[in-house]
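What the coordinates show
Residues per chain, in single letters:
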Amino acid sequence: MSFQAPLVLLALAALPLLAAWYLLAQRSRRAAAAAFAAPALQPSVAPHRPGWRRHVPMAVLAVALAVLIVAAARPQRTVAVPVERAAIMLVTDVSGSMMATDVTPSRLIAAKRAARRFVDEVPRSVNVGVIAFNTRATVLQSPTRDREAVALAIDRLAVRGGTATGEAIATAVDVLRGAPGEGGRRPPAAIVLISDGESTAGRDPLAAAAEARRRRIPIYTVAFGTADGTIRTRGRDGATRVERVPPDPDALAAIAEATGGESFTAETADGLSAVYERLGSQLGTRREKRQVTAAVAAGGLALLLAGAALSLRWLGRPI
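Residues numbered from 1 in each chain as written. Predicted model: local features only at pLDDT ≥ 70, side-chain atom pairs only at ≥ 80, totals over all residues. Heavy atoms only, no water.

Remarks on the pattern of salt bridges
Applying the stated criterion across every chain, the model contains seven salt bridges. One salt bridge in this structure joins R107 and D102, with 2.9 Å as the shortest N-O distance. Overall, the relative accessible area of 0% leaves R107 in the buried class. You can call D102 partly exposed: its relative accessible area is 25%. The network of salt bridges with shared partners includes D102, R107 and D196. (Salt bridge = Lys/Arg side-chain N within 4 Å of Asp/Glu carboxyl O. Buried < 20%, exposed > 50% of the residue type's maximum accessible area, 1.4 Å probe, protein only.)

Concerning the pairing of strand β5 (residues 137-144)
Relative to β5, strand β4 (residues 127-133) runs antiparallel, the two sharing five bridges. Paired with V130 across the bridge in β5 is Q141. Where β4 hands over to β5, the hairpin turn is made up of three residues, counted between the paired strands. (Pairing = 2+ DSSP bridges. Helix = DSSP H or I, 4+ residues; strand = E, 2+ residues; numbered from the N terminus.)

So, the nonpolar core
F118, I154, V222, F224, L272 and Y276 are the most contacted members of the largest nonpolar core, which has 35 residues in total. Mapped onto this core, the elements with two or more residues apiece are β3 (87-93), α4 (107-121), β4, α5 (147-155), β6 (189-195), β7 (219-224), β10 (263-266) and α9 (269-284). With seven residues, the top contributor of residues to this core is α4. In contact with L272, not counting residues within four places along its chain, are A110, A111, A114, I194, V222, F224 and A266. In this structure, A172, A212, A223 and I255 belong to the second largest nonpolar core, which totals 21 residues. (Core = buried A, V, L, I, M, F, W, Y, C linked by side-chain atoms within 4.5 Å. Contact = heavy atoms within 4.5 Å.)

Things to note about the packing of α4 against α5
Put simply, α4 and α5 touch, their axes get as near as 10 Å, and they point 165° apart. As far as their axial angle goes, α5 and α4 are roughly antiparallel. Read as a crossing pair, α4 and α5 show a hand that is right-handed. Contact residues: α4 offers K112, A115, R116 and V119, while α5 offers R147, V150, I154 and D155. Of the residues contributing to the contact of α4 with α5, the split by class is four nonpolar, no polar and four charged. (Axes fitted to C-alpha atoms, helices over the stretch in contact; angles between N-to-C directions. Parallel < 35°, antiparallel > 145°, perpendicular 65-115°, else oblique. Left-handed = near helix turned anticlockwise from the far one by under 90°. Nonpolar A, V, L, I, M, F, W, Y, C, P; charged D, E, K, R; others polar.)

Quick notes on the side chain of D93
Secondary-structure assignment places D93 in strand β3. An unpaired buried charge is present at D93: no salt bridge exists, and R107, the closest side chain of opposite charge, is 7.4 Å distant. Aside from chain neighbours lying at most four places away, what touches D93 is M98, F133, T163, I194, S195, D196 and G197. (Lys, Arg positive; Asp, Glu negative; His and termini not counted.)

Re helix α8 (residues 249-259)
Among the residues of α8, L252, I255, A256 and T259 are the ones counted as buried. Buried residues in α8, looked at end-on, bunch into an arc of 95°, giving them a common side. Exposed and oriented more than 90 degrees from the buried face of α8 are D250 and E257. On its buried face, α8 sits against α6 (165-177), β6, α7 (205-214), β7 and β10. Looking one or two places after α8, you find G260, whose phi comes out positive at around 80°. (Arc of directions from axis to C-beta.)

Have a look at this one:
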């Protein structure tokens, strides 16, 4: 919790002074009672003393004052609220290395399942688009709130070809910068890029990332797969070869860092789902401060009334 007027909290230092005044007043009252009647006669003069109850109303009053001072400082708390009209491009590598089975049942199938969960995590007010890339980037679905259309686009992801990460980033930026805005301002946008290998074709990914940064579009990258991943390829001579296809987390981390995004690694299907779940809620909401002054003030007034009621009931006076 934070405060818009924190200096008001300095008034809380007056509460110990109030407590000291109350203690002095109680001592003066006892001294006056002793002067009025001898100790042996006091039970006859005042047979029904309230005892400990006489201190409760003042204690409640002190707490009420503390709460009201806190309310005067205008407290606020940070909450997550849906981002209206935001757009997210889900960019998935569909190069041949996504056929590797080091992630059960295969990298691509696990990626498609996790992508569907990601879409489910994103608030309905957020537009989601889908791009598949190998040696070129293909827009399977432009940003939309139609979750069924997005799911159908994810189902169309199919493996073949190499990896042109720079082309994928550039295509995603072109789509997002064309999103309609209000008052001449483009709505918030982000790219979620999943890949399992280094870029082997097309433009330089870091140059494309620099353009994304200029457009204020952060890229969140996920390096998917394990260092032991392999695929079987057939050469021109017809012979089958086993080729290692490890992910390239360093290159993807550099892309994320260049745009102000975040980088992740996922070696299992569950790990990828966890990353997507985090990103879905993170990109679909923004942190916003909301005042809670009214609620705190209401609590302070309730305590104030409670203290007055107890004083009337037990002591016969408001305070």
